[in-house]
Amino acid sequence: MAQLISGKEVSAQVKERVRAQAEELKAKGIEIGLAVVIVGDNPASRVYVNSKKKACEAVGFNSYEYALPEETTEQELLDLVQVLNNDPKVNGILVQLPLPKQINEEAIINAISAEKDVDAFHPMNVGKIMIGSYAFLPCTPAGAMELIDSTGVDVSGKNCVVIGRSNIVGKPMAMLLLHRSGTVTICHSRTQNLKEICRNADILVAAVGRANFVTADMVKPGAVVIDVGINRMEDGKLCGDVDFAAVEPIAGYITPVPGGVGPMTIAMLMQNTLTAAKQQNGLG
Ligand code: GUN
């Protein structure tokens with residue numbers, strides 16, 4: 001039986017740390033602001049944006065929502081990003097992805113000031129992560145790392161396998177594990193012998209986007225299993241990338257879905273916004 005890693009508990013600890021620091025800054029006259037931009041009415045995006053606004057309230061940040069219509073042009077969004085880049089009340093800018101197809105996501109990400117890029121998607125911040133000298137870590141991998149740390153398992157020297165090679169999760173996750181001196185393998189849709197490679201993992205991170213992709217025969221007994229997947233099933237239920245019922249008896253530690261990595265992502269966004277505010281006020 002695996003020990004459950006509670007994203008609810010660990011995220012509450014992170015948010016409490018952030019709230020206490022935000023309170024200290026407020027006492028010095030510094031208020032923290034996060035701008036959240038949503039374009040169109042993707043229902044999943046709406047849920048995420050509402051959660052981000054609620055988290056801001058809980059930690060004492062100001063949140064500024066910009067809800068733009070589906071037909072917004074790239075130039076209109078670029079213009080808004082410029083306004084937010086220049087607004088001193090705004091310490092962090094988050095443009096919720098995906099964007100409608102007439103808008104080039106890369107152009108928008110590149111336009112966000114690197115100092116306010118609390119998603120850490122800007123090429124400058126991505127490059128810093130590669131070098132290992134970073135202010136912001138992308139929220140989902142950073143949250144997954146906090147969960148690994150909460151187990152007390154030391155990454156150094158361990159076999160770490162990341163399934164998925166996205167820019168947002170797989171690649172930065174691999175880099176964070178490498179910075180901790182893990183021996184890291186990145187697997188993807190073309191990987192041969194996937195089962196054998198995964199079965200060798202002391203730490204297995206699944207970021208595939210396919211429900212129940214990781215089965216019991218892919219997991220080493222006692223492994224730390226981190227499930228980044230959030231898949232909506234036909235019955236409306238959320239399901240991870242890991243077949244939880246089958247893997248839980250084998251793993252040493254496992255994250256549930258929901259209640260695992262999901263709440264961590266938002267907690268790390270709050271942490272990044274705090275870091276941005278500190279740096280912009282010469283306190284970083
Ligand atoms: N859409 C899904 N996840 C994310 C995220 O972490 N940041 C942004 N900006 N959009 C997302």
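Calculation criteria
- Residues numbered from 1 in each chain as written.
- Predicted model: local features only at pLDDT ≥ 70, side-chain atom pairs only at ≥ 80, totals over all residues.
- Heavy atoms only, no water.
- Buried < 20%, exposed > 50% of the residue type's maximum accessible area, 1.4 Å probe, protein only.
- Helix = DSSP H or I, 4+ residues; strand = E, 2+ residues; numbered from the N terminus.
- Contact = heavy atoms within 4.5 Å.
- Pairing = 2+ DSSP bridges.
- Axes fitted to C-alpha atoms, helices over the stretch in contact; angles between N-to-C directions.
- pLDDT = per-residue confidence, 0-100.
- Near = heavy atom within 4 Å.
- Polar contact = N/O pair within 3.5 Å; in protein donor to acceptor, adjacent residues only side chain to side chain.
- Areas by Shrake-Rupley, 256 points an atom, 1.4 Å probe, with all protein chains shown as cover.
- Nonpolar A, V, L, I, M, F, W, Y, C, P; charged D, E, K, R; others polar.

Focus on helix α7 (residues 170-179)
For step 1, the next point in the chain: α7 sits mainly inside the fold: 7 of its 10 residues count as buried.
For step 2, the next point in the chain: Buried within α7 are the following residues: G170, P172, M173, A174, M175, L176 and L177.
For step 3, the next point in the chain: Here the buried face of α7 lies against α5 (123-131), α6 (139-150), β5 (159-163), β6 (183-187) and β7 (203-206).
For step 4, the next point in the chain: Looking one or two places after α7, you find S181, whose phi comes out positive at around 70°.

Structural notes on the sheet that holds strand β4 (residues 92-95)
For step 1, the next point in the chain: Sheet architecture is open: 3 strands sit in the order β3-β2-β4, paired in parallel fashion. Two strands in the sheet have a free side with no partner beyond their single neighbour: β3 (62-68) and β4. Averaged over neighbouring strand pairs, the angle between their axes works out to 15° when direction is ignored.
For step 2, the next point in the chain: When strand β2 (residues 33-39) meets β3, the two strands line up parallel, connected through 7 bridges. The partner of V39 across the bridge, within β3, is L68.

What to know about the confidence of the model for the chain
For step 1, the next point in the chain: Averaged over all residues, the pLDDT of the chain is 97; the fraction at 70 or higher stands at 100%.
For step 2, the next point in the chain: Mean pLDDT across the elements of the chain ranges from a minimum in strand β9 (residues 231-232), with 93, to a maximum in β5, with 99.

Quick word on the pairing of strand β8 (residues 224-227)
For step 1, the next point in the chain: Burial along β8 is two-sided: the face carrying V224 and I226 and the face carrying V225 and D227 are both buried.
For step 2, the next point in the chain: With 4 bridges connecting them, β7 and β8 associate as parallel partners. Looking across to β8, one finds that L204 is bridged to V225.
For step 3, the next point in the chain: Sheet analysis places β8 next to strand β11 (residues 253-254), joined by 2 bridges and oriented parallel. Across the sheet, residue V224 finds its bridge partner in β11, namely Y253.

Details of the site of the ligand
For step 1, the next point in the chain: The environment of the ligand is formed by L94, V95, Q96, L97, D119 and F121.
For step 2, the next point in the chain: Interatomic distance of 3.1 Å between a side-chain N/O atom of Q96 and a nitrogen atom of the ligand.
For step 3, the next point in the chain: For the ligand, a nitrogen atom lies 2.7 Å from a polar atom in the side chain of D119.
For step 4, the next point in the chain: Coverage of the ligand by the protein chains reaches 80% of its 280 Å² of free accessible surface.
For step 5, the next point in the chain: Per-class residue counts for the shell around the ligand are 4 nonpolar, 1 polar and 1 charged.

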